[in-house]
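Residue strings, one per chain:
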Amino acid sequence: MAITLFDRLCLIFAWLSGLIAFFVMSVTFIGVVMRYGLRQPLMGGFEMIEIGIGLIVFTAVPLMIRRRGNVTVTILAEKFPPMLARVTSLISDLMGTVLMGFIAWRVWLQGERLLTYNEVTMELRVPKGLIAQGMAVLLAVAALAFLVCAIEALRRTPPPLTEKPGSL
């Protein structure tokens, strides 16, 4: 039940990523039309695109992790017995959890520093610390996604050993 709710949250973040991508595309289009058609650049357009691109990535990562869309190297893994494959999957998911959690923590601290110094973007005056802390929260969700994958790897029963067609 909790895993299903978490997966829905990841899906909502992915849809949000798509909406942000549409927003970035619209800002880009409007900026080009205003710059070349009206000879007036869109104020803050670059900053909106810059922040939007970061948010696109961080909102899409949790679903990518849950759907196992991250890059994996399977040179030897396909030859592993099912139990060893399960253990390596568990270890890599736990490493992903720790690394994402560490990065989230460091980005959160950087956000606190930016808020302490009242750092804001140049044109729109958006607090940079809030942007960093928002991304830290999304990184923490990504760490949870790795943890959920690790829990599933623990609970997964290995498939029965069957012969592949053409094998002796």
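Calculation notes
- Residues numbered from 1 in each chain as written.
- Predicted model: local features only at pLDDT ≥ 70, side-chain atom pairs only at ≥ 80, totals over all residues.
- Heavy atoms only, no water.
- Helix = DSSP H or I, 4+ residues; strand = E, 2+ residues; numbered from the N terminus.
- Rg over C-alpha atoms; globule rule 2.2 N^0.38 Å.
- Buried < 20%, exposed > 50% of the residue type's maximum accessible area, 1.4 Å probe, protein only.
- Contact = heavy atoms within 4.5 Å.
- Lys, Arg positive; Asp, Glu negative; His and termini not counted.
- Charge placed at Lys NZ, Arg CZ, Asp CG, Glu CD.
- Core = buried A, V, L, I, M, F, W, Y, C linked by side-chain atoms within 4.5 Å.
- Expected span 1.5 Å × (residues − 1).
- Axes fitted to C-alpha atoms, helices over the stretch in contact; angles between N-to-C directions.
- Parallel < 35°, antiparallel > 145°, perpendicular 65-115°, else oblique.
- Nonpolar A, V, L, I, M, F, W, Y, C, P; charged D, E, K, R; others polar.

Novice: What is the right way to read the overall build of the protein from this model?
Specialist: Along the backbone of the protein there are four helices and zero strands. Listing every helix and strand of the protein by position from the N terminus yields α-α-α-α. For 168 residues, the compact-globule formula gives about 15 Å, and the C-alpha radius of gyration of the protein, at 21 Å, lies well above that figure. If you line up the protein on its principal axes, its C-alpha atoms span 75 × 40 × 30 Å. A burial count over the protein gives 29% of its 168 residues as buried. Intrachain contacts of the protein at a sequence separation of at least 6 include 75% that bridge at least 24 residues. With 15 positive and 10 negative side-chain charges, the protein shows a separation of 3 Å between the mean positions of the two kinds.

Novice: Before we go on, may I ask you to explain the nonpolar core in this structure?
Specialist: Side chains of a nonpolar character, in soluble globular proteins, are inclined to be buried together. Core analysis: the biggest nonpolar cluster contains 17 residues, and Phe6, Val61, Ile65, Met100 and Ala142 have the highest contact counts within it. The contacts of alanine 142, once residues within four sequence positions are left out, are Val61, Pro62, Ile65 and Met100.

Novice: Would you mind showing me how to read helix 3 (residues 82-116) here?
Specialist: Along an α-helix, residues three or four apart share an orientation, since each turn contains 3.6 residues. For helix 3, which comprises 35 residues, the first-to-last C-alpha distance of 51 Å matches the rise-based estimate of 51 Å (1.5 Å per residue) to within 8%. Against the buried residues of helix 3 lie helix 2 (45-66) and helix 4 (128-155). Note on helix 3: the residue one or two positions beyond its end, asparagine 118, has a positive phi of about 55 degrees.

Novice: Explanation requested: the packing of helix 2 against helix 4 in the structure shown.
Specialist: In a pair of packed helices, the angle between the axes and the distance between the axes together describe the arrangement. Two elements in contact, helix 2 and helix 4, have axes whose closest approach is 8 Å; the angle formed by their N-to-C orientations is 10 degrees. With respect to their mutual orientation, helix 2 and helix 4 come out roughly parallel. Residues Ile51, Gly54, Leu55, Phe58, Thr59, Val61, Pro62, Ile65 and Arg66 of helix 2 form the contact with helix 4, whose participating residues are Ile131, Met135, Leu138, Leu139, Val141, Ala142, Ala145, Phe146, Val148, Cys149 and Glu152. Looking at the contact of helix 2 with helix 4, its residues break down into 16 nonpolar, two polar and two charged.

Novice: I tried to follow the environment of glutamine 133 on my own but got confused; where do I start?
Specialist: Note that glutamine 133 resides in helix 4. A relative accessible area of 10% places glutamine 133 in the buried class. On a C-alpha basis, the gap between glutamine 133 and alanine 104 in space is 8.5 Å, while along the polypeptide they are 29 residues apart. Other than its neighbours up to four places away in sequence, glutamine 133 contacts Trp108, Gly111, Glu112 and Leu115.

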